Amino acid sequence: MKTLREIKPGQSATVVKLHGEGAVKRRIMDMGITKGTEVYVRKVAPLGDPIEVNVRSYELSLRKADCEMIEVQ
C-alpha cells in the first residue's frame, strides 16, 4: 500500500482508496479527493508538513496525517 505522503514533489498519483472514519474521511472527500481522482504533488514543506497538491484544477494543502489516509497508485 502506497500513500500520498510517499509521493515525491513533481509526481502524480491516482487515488485508490480513502482510509479513516467519519468526519475525517468526509472532510477529505469534501475537498475533492475521491476514488479515481488524479493528484499532483507540487511541493512539500521543509519539515514535511504540510504537503501542497493539485486536485481537480485547484491547489490544496494537506497535513501529513491526512495524506497517510489516502492510498494511491
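The structure we're discussing is the one just above.
Anyway, here's the lowdown on the structure attached to this text. (Residues numbered from 1 in each chain as written. Predicted model: local features only at pLDDT ≥ 70, side-chain atom pairs only at ≥ 80, totals over all residues. Heavy atoms only, no water.)

Quick look at the overall build of the protein
Using the following cut-off: Labels follow the DSSP assignment, with helices taken as runs of H or I lasting at least four residues and strands as runs of E lasting at least two, numbered in each case from the N terminus. Atoms considered for the radius of gyration are the C-alpha atoms alone. The globule rule reads 2.2 Å times the number of residues to the power 0.38. Remark: exposure states derive from per-residue accessible area (1.4 Å probe, protein chains only) relative to the maximum for the residue type, with buried under 20%, exposed over 50%, and partly exposed in between. Working definition of accessibility: Shrake-Rupley area with a 1.4 Å probe, residue cover restricted to the visible protein chains.
Looking only at helices and strands, the protein has two helices and six strands in total. Ordered by position in the sequence, the α and β elements of the protein form the string β-β-α-β-β-β-α-β. Relative to its length of 73 residues, the protein is compact, with a C-alpha radius of gyration of 11 Å against a globular reference of 11 Å. If you line up the protein on its principal axes, its C-alpha atoms span 30 × 25 × 20 Å. Here the protein, with 73 residues, has 34% of them falling under the buried criterion. Carbon and sulfur atoms make up 49% of the accessible area of the protein, which amounts to about 4500 Å² in all.

With respect to the nonpolar core
Formally: Buried Ala, Val, Leu, Ile, Met, Phe, Trp, Tyr and Cys residues that are joined via side-chain atoms within 4.5 Å together make up what is termed a nonpolar core. Residues are treated as being in contact if the distance between any of their heavy atoms lies within 4.5 Å.
By size, the foremost hydrophobic cluster in this structure holds 18 residues, and its most contacted members are Leu4, Ile33, Val53, Leu60, Leu62 and Ile70. Contributions of two or more residues to this core are made by β2 (12–18), β3 (38–44), β4 (51–55), β5 (58–62) and β6 (70–72). Beyond its immediate stretch of four places on either side in the chain, Leu60 contacts Met31, Ile33, Ile51, Glu52, Val53 and Val55.

Regarding the pairing of β3
Threshold: By this definition, two strands are paired if DSSP reports at least two bridges between them.
Bridge count between β2 and β3: three bridges; the pairing is antiparallel. When the sheet's bridge partners are listed, Ser12 is paired in β3 with Tyr40. One ladder, built from five bridges, connects β3 with β4; its direction is antiparallel. Across the sheet, the residue bridging to Tyr40 is Asn54, located in β4. From the end of β3 to the start of β4, which pair antiparallel, there are six residues, and Gly48 there has a positive phi angle of about 90°.

As for the sheet that holds β4
Strands sit in the order β1-β6-β2-β3-β4-β5 across an open sheet of six strands; the sheet is antiparallel. Only two strands of the sheet have a single neighbouring strand rather than two, namely β1 (2–3) and β5. The sheet contact formed by β2 and β6 spans three bridges and is antiparallel. Residue pairing in the sheet places Val15 in a bridge with Val72 of β6.

Thoughts on the pattern of salt bridges
When the charged atoms of two side chains lie near each other, side chains of opposite charge can form a pair. How we decide: Whenever Lys or Arg places a side-chain nitrogen within 4 Å of a carboxyl oxygen from Asp or Glu, that contact is recorded as a salt bridge.
Applying the stated criterion to the full structure yields six salt bridges. Arg5 is the partner of Glu68 in a salt bridge, and the nearest nitrogen-oxygen pair spans 3.3 Å. One end of the pair, Glu68, is in the loop between α2 (64–67) and β6; the other, Arg5, is in the loop between β1 and β2, and 63 residues separate them in sequence. In this structure, Arg27 engages Asp66 in a salt bridge whose closest nitrogen and oxygen atoms are separated by 3.1 Å. Taken together, the positions of Arg27 in helix α1 (residues 22–30) and Asp66 in helix α2 put the pair 39 residues apart, joining distant regions of the chain. The network of salt bridges with common partners includes Arg27, Arg63 and Asp66.

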